[in-house]
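# Breakdown of the fold
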Amino acid sequence: PIIGAGRAMGGKSAPPRTPAEAAAIPMAADIAVDFSSGFIAALTAAPFIMTVDKAVTQATAGTTGLWGALGAGLKEIVLRPHHLVRNPALLLVTGVYGLTYATANSIDTICERTLDPQAASSAAIHGAAKLFGTTAVNMSAGITKDAIFARWFGAGDSATRLMPRATFGLFAVRDTLTIAAAFTVPSMVAAAIVRSGRMEEARAAEAAQLISPMGMQLICTPIHLMALEAFNKPDASLADRARSAAGIFPQSTLARMGRFCAAYGIGGLLNSALLRHGRHAVKEKFVAQTDPQAPPAADERQAPPAAAVGMPGRGHVIVTAVQRGQAKPGAGAPPPAGGAEAHSAGLEGEAVPGLLTATAGEAVLQAAAGGAADSAGGGHARKSVLSIHPALDGCSSADGLAAPSAAA
């Protein structure tokens, strides 16, 4: 059994929610990410964990050698992975670690939503809740799993034999030491690594989270073996059980170190990665659409009131570059009525139409500037004549629709 101490089960914790994010994102969405991340990560690491646990149980019972059992299990993972899906042992291991990861993740989420981050007691409450919550789930599920494995993969009448209290007690001692190591030893190991100058603090902390539970197997593995011996040899003396356990202690310790490496290196880090990506996706769904810092979309900008400019508030602007030539007779006459939809009159030359989108207010300002330039140029200057024509929405051009300079 494995517990992540102060981190999301072996990896960096996901960034906490800001108050604005917490208000916009339902807690149920984050809890769903917590559980899905935990169980997916557990399913990924479970095949190797199951193989080691099964092999150690079989070797302790004397039904097969440890290396032979490990080889057979690894061969099945590689050659017949589809068989693992129907293996109840794999589902059992996945359940143990999935519940453990999910519990640690969800306690982080609940404390993040309910505790005041400014309060001095929040960190202590969060740490205690995570310690006792994950301990309760992991220890109860792990001991149940190990007891079932002892019955499934033991020798003789193991399937119907009663589990002695000594076995349950030794399993509990083993898990207590593992949990204590996960919450206390890593900080000491990380400090020693930093003092040696070989790693920076952040990387040393991550390495310590992996090294500490593996090193604790030097103590926990003998306890685990003695618990299985108490079940497999109920009538043997304590000395006989100890000699039997000592015979498989070296290889069992190495195998269990690899098992914990898989639980932290594969399951823990994958759980953390899935958690970060999942929470980011939830943030994108619930927060990005209503981010007050984000600029409004073009079609959401409010147009100026129509009364302020004397024409519809929005529309397409037809920009026509006109090479001014000689004005027609009567060009100085007042423009025909029609407001924004007035047709150009009194202009000669070649026009090249183009289309752009702007607000009515912008169009009026540009038209005014164009009219001033025309007056200064004595009728021979190059100018842009603007017209607002709301009826042309969606069109690419409109011949002959241009506002005369007088309209500006």
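Residues numbered from 1 in each chain as written. Predicted model: local features only at pLDDT ≥ 70, side-chain atom pairs only at ≥ 80, totals over all residues. Heavy atoms only, no water.

Taken as a whole, the chain shows an average pLDDT of 76; of its residues, 67% reach a score of 70 or greater. Note on residues 1-11: pLDDT under 50 across the span, and 61 contacts to partners over four residues away in sequence or across chains. Taken together, the stretch residues 371-408 has pLDDT below 50 and engages in 76 contacts with residues farther than four places along the chain or on a different chain. (pLDDT = per-residue confidence, 0-100. Contact = heavy atoms within 4.5 Å.)

In the structure shown here, the tally under the stated rule is four aromatic pairs. When the centroid spacing of 6.1 Å and the interplanar angle of 50 degrees are considered together, the rings of Tyr-97 and Tyr-101 count as tilted. Of this pair, Tyr-97 and Tyr-101 are both found in helix α5 (residues 88-114), four residues apart, which corresponds to roughly one turn of the helix. Accessibility assignment for this pair places Tyr-97 and Tyr-101 in one class, buried. Aromatic pair Trp-152 and Phe-153: ring centres 6.2 Å apart, planes at 85 degrees, arrangement edge-to-face. An aromatic cluster is defined as three or more aromatic residues linked by ring pairs; in this entry it consists of Phe-149, Trp-152 and Phe-153. (Phe/Tyr/Trp six-rings, centres within 6.5 Å; stacked < 30°, edge-to-face > 60°. Helix = DSSP H or I, 4+ residues; strand = E, 2+ residues; numbered from the N terminus. Buried < 20%, exposed > 50% of the residue type's maximum accessible area, 1.4 Å probe, protein only.)

Another point: the pattern of salt bridges. Side chains bearing opposite charge may pair, as long as their charged atoms lie close to each other. Using the criterion set out here, one finds 14 salt bridges in the structure. Across the pair Arg-113 and Asp-30 runs a salt bridge whose closest N-O atoms are separated by 2.9 Å. Of the two residues, Arg-113 is situated in helix α5 and Asp-30 in helix α2 (residues 27-61); the sequence distance between them amounts to 83 residues. According to the relative accessible area criterion, Asp-30 is buried, its value standing at 0%. (Salt bridge = Lys/Arg side-chain N within 4 Å of Asp/Glu carboxyl O.)

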